[in-house]
Amino acid sequence: MEISLETLLLAASSGVLGTLIGGMEAFIIYGFVIIVQTILASAGHDMAFYTTYLSNLVFLPAVMFSAAVPATAYAARKYDIHEWEIDRSLAFAHDPVIAMIGAFTGVIGYLLFAFAANMNLPLDHGGFSVVIVGTLSRLIFRKPQKINRNARIVLRDGKRWLWELITTSVVAAATAWFVQATGISTAGFMLSAALLILQLFPRTQFFPTTHQITMVAGLAVLASGSIPIAVLFALLAQLIFILFGGYLNMGCGAHIDPPAVAIVTCSLLISLIF
């Protein structure tokens, strides 16, 4: 990937935009951006500009979403907001420091993404950048609590685990079939990202986060050619998502994205095995 003054300025602008929109909302927008990209590409349009400057830079979660994470952690020190509330626009603060943090970490996120892509690291490059930026933010904006011990209460619920087993298996199998039919590894992921918009409305706020399932299922089915194997990897991704999110994210400081942790871990395993 190209690293130039132009791309770095766009990354900084995207980082500021991410703080104004909110991390989760920025990711939802990305879902719609890559849906449009896929439709246009299927229709035979030249997507070089769109891919280079929109889906792989301005709206890239490694840039826009990542920038919102440390900016939110900083805002939590001064305003009535929690570090993990990445669904909040930070425009309410009218704080230039928040904008500068967004710009700086947008650039860092892009550089990490470009490094992973140019080095062809055997894992998901966007997730790699998101996890590194989140981890650095956690180290900089430290909190006394390292582990959320209250997670035990929810994780002891047997009915919850059965629910996760059933829903994850169904979503993963459907995604694997769709990806196998289309050959597009992100076919389910883009829909999952866009459908997170349902979480923003009161009546559908409990719609599950599924992009860690669909991304891993897509990668696994293309690598292995097996839908059952794809389902097993998706179940592992969901387990990582639940445990990491429950114990090591909520209440522990700056947001380290649990879906990204699951995607990076499983994409690395898939690369090593297949």
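Shown above is the structure to which this text applies.
1. Looking at the pattern of salt bridges
Part 1: One pass over the full model with this rule turns up three salt bridges.
Part 2: In this structure, K78 and D95 form a salt bridge, with 2.9 Å as the shortest nitrogen-oxygen distance. Of this pair, K78 sits in helix α4 (residues 64-78) while D95 is found in the loop between α4 and α5 (96-118), placing the two residues 17 residues apart along the sequence.
Part 3: Using a relative accessible area of 46% as the deciding quantity, one classes K78 as partly exposed.
Part 4: With a relative accessible area of 10%, D95 lands in the buried category.
Part 5: In this structure, R88 engages E85 in a salt bridge whose closest nitrogen and oxygen atoms are separated by 3.5 Å.
Part 6: By relative accessible area, which is 29% here, R88 ends up partly exposed.

2. Remarks on the packing of helix α2 (residues 23-42) against helix α3 (residues 48-58)
Part 1: The contact between α2 and α3 brings their axes to 10 Å, and the two run at 170°. In terms of orientation, α2 lies roughly antiparallel with respect to α3. Residues Y30, V33, I34, V36, Q37 and L40 of α2 form the contact with α3, whose own contacting residues are Y50, T51 and S55.
Part 2: Taken together, the residues of the contact of α2 with α3 sort by class into six nonpolar, three polar and no charged.

3. Structural notes on the nonpolar core
Part 1: Counting 56 residues, the largest nonpolar core has F27, F189 and V216 as its most contacted members.
Part 2: Core analysis: the second largest hydrophobic core is formed by twelve residues, A73, Y74, A75 and L90 among them.

4. Digging into the packing of helix α11 (residues 227-248) against helix α12 (residues 258-273)
Part 1: Where α11 meets α12, the axes come as close as 8 Å, and the angle between the chain directions of the two elements is 145°. Along this stretch, α11 crosses α12, giving a crossing that reads as right-handed. Across the interface between the two elements, F233, L236, A237, I240, F241, F244 and G245 of α11 pack against P258, P259, V261, A262, T265, C266, L269, I270 and I273 of α12.
Part 2: The class makeup of the residues in the contact of α11 with α12 is 14 nonpolar, two polar and no charged.

5. Quick word on the environment of A217
Part 1: Locating A217 in the fold gives a position in helix α10 (residues 211-224).
Part 2: Taking the relative accessible area as the measure of exposure, A217 reaches 0% and is therefore buried.
Part 3: Apart from residues lying up to four places away in sequence, A217 is in contact with A172, T175, A176, A230 and A234.

Cut-offs used in this document
- Residues numbered from 1 in each chain as written.
- Predicted model: local features only at pLDDT ≥ 70, side-chain atom pairs only at ≥ 80, totals over all residues.
- Heavy atoms only, no water.
- Salt bridge = Lys/Arg side-chain N within 4 Å of Asp/Glu carboxyl O.
- Helix = DSSP H or I, 4+ residues; strand = E, 2+ residues; numbered from the N terminus.
- Buried < 20%, exposed > 50% of the residue type's maximum accessible area, 1.4 Å probe, protein only.
- Axes fitted to C-alpha atoms, helices over the stretch in contact; angles between N-to-C directions.
- Parallel < 35°, antiparallel > 145°, perpendicular 65-115°, else oblique.
- Contact = heavy atoms within 4.5 Å.
- Nonpolar A, V, L, I, M, F, W, Y, C, P; charged D, E, K, R; others polar.
- Core = buried A, V, L, I, M, F, W, Y, C linked by side-chain atoms within 4.5 Å.
- Left-handed = near helix turned anticlockwise from the far one by under 90°.

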